[in-house]
Every structure is written in structure tokens, then in C-alpha cells.
Amino acid sequence: MTLRADRIAELVGLGGLALLLGALGIQYLGGIAPCEMCHWQRWAHIAAALVGIGGGLALGKNQENAKVLAWTAILLVIASGLIGAYQTGMEYHVLPGPASCSGHRYILGSNMPPPEVQCDVVTWSLFGLSMASYNALWSFLIVVLGSLGLLQSAGASREWQNRAA
């Protein structure tokens, strides 16, 4: 059984929306303020939700356009996952962070204090993984499943066309 491209776009968008709602829940219910990079990750999920869900619903009949929207939603979720992976590297002090949201700004001698919520400091973790790490993992899972679904859908479509010819 294969899913149509519009359904895959909707599911990828729903995945991005679920990750966004999880982050908002931790922020507002758990009382944990987001850092600047957390907002960057959220913007990508908002865009993926709008493109995937909105586009999938609007273009259900036109599967070629729905494929473009599905791939666009997948790319947006990849962007959020990559930002989360980069932030994870910052949290482990393996990668340098932008001065705008890390303690490096203060350490380098600037007269400005570090931001209230620093991107390179883990404020919440579960089983040793931060929210940025979980965002990266779940985002990449959504990307893999969405991509496989689209590739399988394209293969099934070609097979159906060959049988009809």
C-alpha cells in the first residue's frame, strides 16, 4: 500500500506541527524558556506545517504539485533537524556557537552580558539528550519516512503507468 503525495505532505506537516506543539508545551507547561536557536527550529516547523498540511489539503487532486509541496515540507523539517543537530554539537562544546546566543560573547571580552537563555547550555534533558537532540532525531525520522513514502509512491505510480500502457 502506498500513500498519495498529498497525504505524505500532510503527514510531514503534521509531524512538524507535533514537534512544534511539543516544544511549546515544554515552554509553557514546563516553564522552560527557549533560546534563539530554538526559535529558528520552530520557524522551520511552522513553515513545514503550513506547506505540508495546507498544501496537501489544497492540492489533493494535483499529485505532481503535491509532490513538490511534500518535498518542500521535507526540506523544511530537514532544516529544523540540522539546526537541532548543530545546537547539540554546541551543547557538547564540539562546535562553536553564534555569539548572539552563546556565552562566548561574554567570554571574548564584550561588555554585553551573555543572553538570558544560552544556546550552548542544556536547560532540559531526558535520558541525557537535550530538546535540540530530540528535535534532530524526530525531524530526521520524519524526513526518512516522508522521503521513503514519496519514493515508494513514485515507484508505484511508474509501475501502474507501465501496466496501463
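Criteria and thresholds
- Residues numbered from 1 in each chain as written.
- Predicted model: local features only at pLDDT ≥ 70, side-chain atom pairs only at ≥ 80, totals over all residues.
- Heavy atoms only, no water.
- Helix = DSSP H or I, 4+ residues; strand = E, 2+ residues; numbered from the N terminus.
- Buried < 20%, exposed > 50% of the residue type's maximum accessible area, 1.4 Å probe, protein only.
- Contact = heavy atoms within 4.5 Å.
- Salt bridge = Lys/Arg side-chain N within 4 Å of Asp/Glu carboxyl O.
- Axes fitted to C-alpha atoms, helices over the stretch in contact; angles between N-to-C directions.
- Parallel < 35°, antiparallel > 145°, perpendicular 65-115°, else oblique.
- Left-handed = near helix turned anticlockwise from the far one by under 90°.
- Nonpolar A, V, L, I, M, F, W, Y, C, P; charged D, E, K, R; others polar.
- Polar contact = N/O pair within 3.5 Å; in protein donor to acceptor, adjacent residues only side chain to side chain.
- Core = buried A, V, L, I, M, F, W, Y, C linked by side-chain atoms within 4.5 Å.

Draft legend 1. Seen up close, the overall build of the protein. Secondary structure assignment for the protein yields five helices and two strands. In the protein, the order of α-helices and β-strands from amino to carboxyl end is α-α-α-α-β-β-α. The buried share of the protein, reckoned over its 165 residues, is 39%. For the protein, restricting intrachain contacts to residue pairs at least 6 apart in sequence, the fraction spanning at least 24 positions comes to 71%.

Draft legend 2. Region of the structure containing the pattern of salt bridges. One pass over the full model with this rule turns up four salt bridges. Close ionic contact of Asp 6 with Arg 7 constitutes a salt bridge, the shortest N to O distance being 3.5 Å. With a relative accessible area of 0%, Asp 6 lands in the buried category. One salt-bridge network, held together by shared partners, links Arg 4, Asp 6, Arg 7 and Glu 10.

Draft legend 3. Structural view of the packing of helix H1 (residues 5–28) against helix H3 (residues 63–91). In the contact formed by H1 and H3, the axes pass within 8 Å of each other and the chain directions differ by 25 degrees. With respect to each other, H1 and H3 are oriented roughly parallel. Relative to H3, the crossing made by H1 is left-handed. Contacts between H1 and H3 pair Ala 5, Asp 6, Ala 9 and Val 12 from the former with Gln 63, Ala 66, Lys 67, Leu 69, Ala 70, Ala 73, Ile 74 and Val 77 from the latter. Looking at the contact of H1 with H3 residue by residue, the class counts come to nine nonpolar, one polar and two charged.

Draft legend 4. How the structure looks around the side chain of Asn 135. Residue placement: Asn 135 occurs in helix H5 (residues 131–164). A polar contact of 3.1 Å, which involves the side chain of Asn 135, links it to the side chain of Ser 80. The residues contacting Asn 135, other than those within four sequence positions of it, are Leu 19, Gln 41, His 45, Ser 80, Gly 81 and Gly 84.

Draft legend 5. The arrangement of the nonpolar core in detail. Judged by nonpolar contacts, the single largest core of 14 residues is most densely connected at Val 12, Ile 74, Val 77, Ile 142 and Leu 150. The set of elements that each furnish at least two residues to this core consists of H1, H3 and H5. Setting aside residues no more than four positions away along its own chain, Val 77 makes contact with Val 12, His 45, Ala 48, Ser 139, Ile 142 and Val 143.

Draft legend 6. Structural view of the environment of Ala 70. Along the chain, the position of Ala 70 falls in helix H3. Residue classification places Ala 70 among the buried positions, given a relative accessible area of 0%. In this structure, the C-alpha to C-alpha distance between Ala 70 and Ala 48, residues 22 residues apart in sequence, is 9.0 Å. When neighbours within four sequence positions are excluded, Ala 70 is seen to be in contact with Ala 5, Ala 9 and Leu 150.

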